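Topology and contacts: notes
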Amino acid sequence: MTAYDVIVLAGGAAKRLGGADKPGVRVGGRALLDRVLAACDGAARTVVVGDRRATSRPVVWTREVPQGGGPLAALDAGLRLTSADHVLVLSADLPFLGPGTVDALLAAAAQPGREGALCTDPDGRDQPLVAAYRAEPLRRELALIATEHGNLAGLPIRLLTAELDLVRVDAGPDAAFDCDTWGDIAAARARIREHGAVLDEWITSVKNELGIDLDVDTGVLLDLARDAAHGVARPAAPLTTFLVGYAAARASAGAGPDEAAAAVAEASRKATALALRWEAEAAESVKSPESAGQGGDAAGGAKPDTGREGTGTP
């Protein structure tokens, strides 16, 4: 994989949000900035251009000069603190950016002779703040623009991208979706609650909240919960999955994420098998009452006298 640094631009005025702290607005229980940071956690160095705040992982902070000087000034400030040959450049308001898009951008930017890659939205418009650039051409063009215009403040970013040889990457309808208005925020919040996305969103949010770096096979756990609920009792589902997690944590103490994931899978397998045995026993009892104690004990002996308390003697 291409080594890279990342610059996240998080210092805009958010005028269409009434001046709200846009990077801190929550979508799916997580701040927009944290959602972006999660998509690029493989960066060697992460520079955030904006006001300091609590973040989900460590970052380097800086500000553009002058503050509010626009994307080119912010990009220049961030670039001064990076050293990798490739730089991922992102805005802080991308709720659906994922590692797949990051990988695609870096792979495209690494093509021989190219100076970077940027996403295009569904309407074919370039998104220069969802992009990966070679650092040397980026520095060169920023210096040329600053020389030509005296400084970078207030200049549009198209002055930069027009001079670079860039690959266009169609990353689908969601990767470049940004939140400029409260309507965009509402749409993003509604989208993560759609049936096909809500479970993955919730699991990701919980893992981030608890500081868990573990790829969990949710299908296995859901199957286990279903079997426990059906074969034992409905409250058994959440309690069983909790016990599986506890057992996996004990079994993989001090191990890495791969071993921990394997421990979850093994504990789930054992618990599922147990739930299925319970279900099978219940089914046998319903089909054959005699086998449940009316025709003798399990060893074939005579059943005890149940008509009296005590020893069962006549």
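Calculation notes
- Residues numbered from 1 in each chain as written.
- Predicted model: local features only at pLDDT ≥ 70, side-chain atom pairs only at ≥ 80, totals over all residues.
- Heavy atoms only, no water.
- Pairing = 2+ DSSP bridges.
- Helix = DSSP H or I, 4+ residues; strand = E, 2+ residues; numbered from the N terminus.
- Axes fitted to C-alpha atoms, helices over the stretch in contact; angles between N-to-C directions.
- pLDDT = per-residue confidence, 0-100.
- Contact = heavy atoms within 4.5 Å.
- Core = buried A, V, L, I, M, F, W, Y, C linked by side-chain atoms within 4.5 Å.
- Buried < 20%, exposed > 50% of the residue type's maximum accessible area, 1.4 Å probe, protein only.
- Expected span 1.5 Å × (residues − 1).
- Arc of directions from axis to C-beta.
- Patch = residues over 30% accessible without salt bridge, like charges linked within 9 Å, V, L, I, M, F, W, Y side chains within 5 Å.
- Areas by Shrake-Rupley, 256 points an atom, 1.4 Å probe, with all protein chains shown as cover.
- Salt bridge = Lys/Arg side-chain N within 4 Å of Asp/Glu carboxyl O.
- Polar contact = N/O pair within 3.5 Å; in protein donor to acceptor, adjacent residues only side chain to side chain.
- Phe/Tyr/Trp six-rings, centres within 6.5 Å; stacked < 30°, edge-to-face > 60°.
- Lys NZ or Arg CZ within 6 Å of the ring centre and 35° of its normal.

1. Here's the deal with the sheet that holds strand E9 (residues 166-170)
Pairing is mixed in the open sheet, where seven strands are placed in the order E5-E4-E1-E6-E8-E7-E9. In this open sheet, the two edge strands, each paired with only one partner strand, are strand E5 (60-62) and E9. Recorded for the sheet is a direction-independent mean angle of 25 degrees between the axes of neighbouring strands. Across three bridges, strand E4 (residues 46-49) lies against E5 in parallel orientation. Residue Val 48 lies in a different strand from E5, and its bridge partner there is Trp 61.

2. Re the confidence of the model for the protein chain
Reading fine detail from the predicted coordinates is not recommended where pLDDT is low. Averaged over all residues, the pLDDT of the protein chain is 85; the fraction at 70 or higher stands at 90%. Contacts for the low-pLDDT stretch residues 291-314, under 50 throughout, to residues beyond four places or in other chains number 12 contacts.

3. Some details on the nonpolar core
In this structure, Leu 88 and Leu 90 are the most contacted members of the largest nonpolar core, which totals 29 residues. Of all the elements in the fold, those that place two or more residues in this core are strand E1 (5-9), helix H1 (32-39), strand E6 (86-91), helix H3 (99-109), strand E7 (116-120), strand E8 (126-134) and E9. Here the element with the most residues in this core is H3; it accounts for five residues. Once residues lying within four places of it in the same chain are set aside, the contact partners of Leu 90 are Val 6, Ile 7, Val 8, Leu 9, Val 36, Cys 40, Leu 97, Leu 129, Val 130 and Ala 131.

4. As for unusual backbone geometry
The omega torsion across Val 65 and Pro 66 is -5 degrees, close enough to zero to call that bond cis. Considering the arrangement of structural elements, one finds Pro 66 in the loop between E5 and helix H2 (71-79).

5. Notes on helix H9 (residues 218-231)
Here H9 contains 14 residues, and its C-alpha end-to-end distance of 20 Å stays within 8% of the 20 Å for a straight helix at 1.5 Å per residue. Regarding H9, the residues found buried are Leu 224, Ala 225, Asp 227, Ala 228 and Gly 231. Relative to the axis of H9, the buried residues are bounded by an arc of 165 degrees and lie together on one face.

6. A short note on a nonpolar patch on the surface
On the surface, Val 198, Leu 199, Trp 202 and Leu 222 cluster together to form a nonpolar patch covering roughly 380 Å² of accessible area. It is helix H8 (residues 198-210) that provides the largest number of residues to the nonpolar patch, a total of three residues. Residue position: Leu 222 is located in helix H9.

7. A few points about the side chain of Lys 22
Secondary-structure assignment places Lys 22 in the loop between E1 and strand E2 (26-27). Engagement of the side chain of Lys 22 in a polar contact is seen with the side chain of Asp 93, the distance being 2.9 Å. Once residues within four sequence positions are removed from consideration, Lys 22 is found in contact with Ala 14, Leu 17, Leu 32, Asp 93, Cys 179 and Asp 180.

8. Overview of the environment of Pro 122
With respect to the secondary-structure elements, Pro 122 resides in the loop between E7 and E8. Note: C-alpha distance between Pro 122 and Asp 76 (46 residues apart in sequence) is 28 Å.

9. Structural notes on the packing of aromatic side chains
Taken as a whole and judged by the stated rule, the model has one aromatic pair. With a centroid separation of 5.7 Å and an interplanar angle of 55 degrees, the aromatic rings of Phe 96 and Phe 177 are classed as tilted. With Phe 96 in the loop between E6 and H3 and Phe 177 in the loop between helix H6 (172-175) and helix H7 (182-191), this pair connects stretches of sequence that are 81 residues apart. With a relative accessible area of 15%, Phe 96 lands in the buried category. For Phe 177, a relative accessible area of 16% translates into the label buried. Above the ring of Phe 177, the side-chain terminus of Arg 191 is found at 4.7 Å from the ring centroid.

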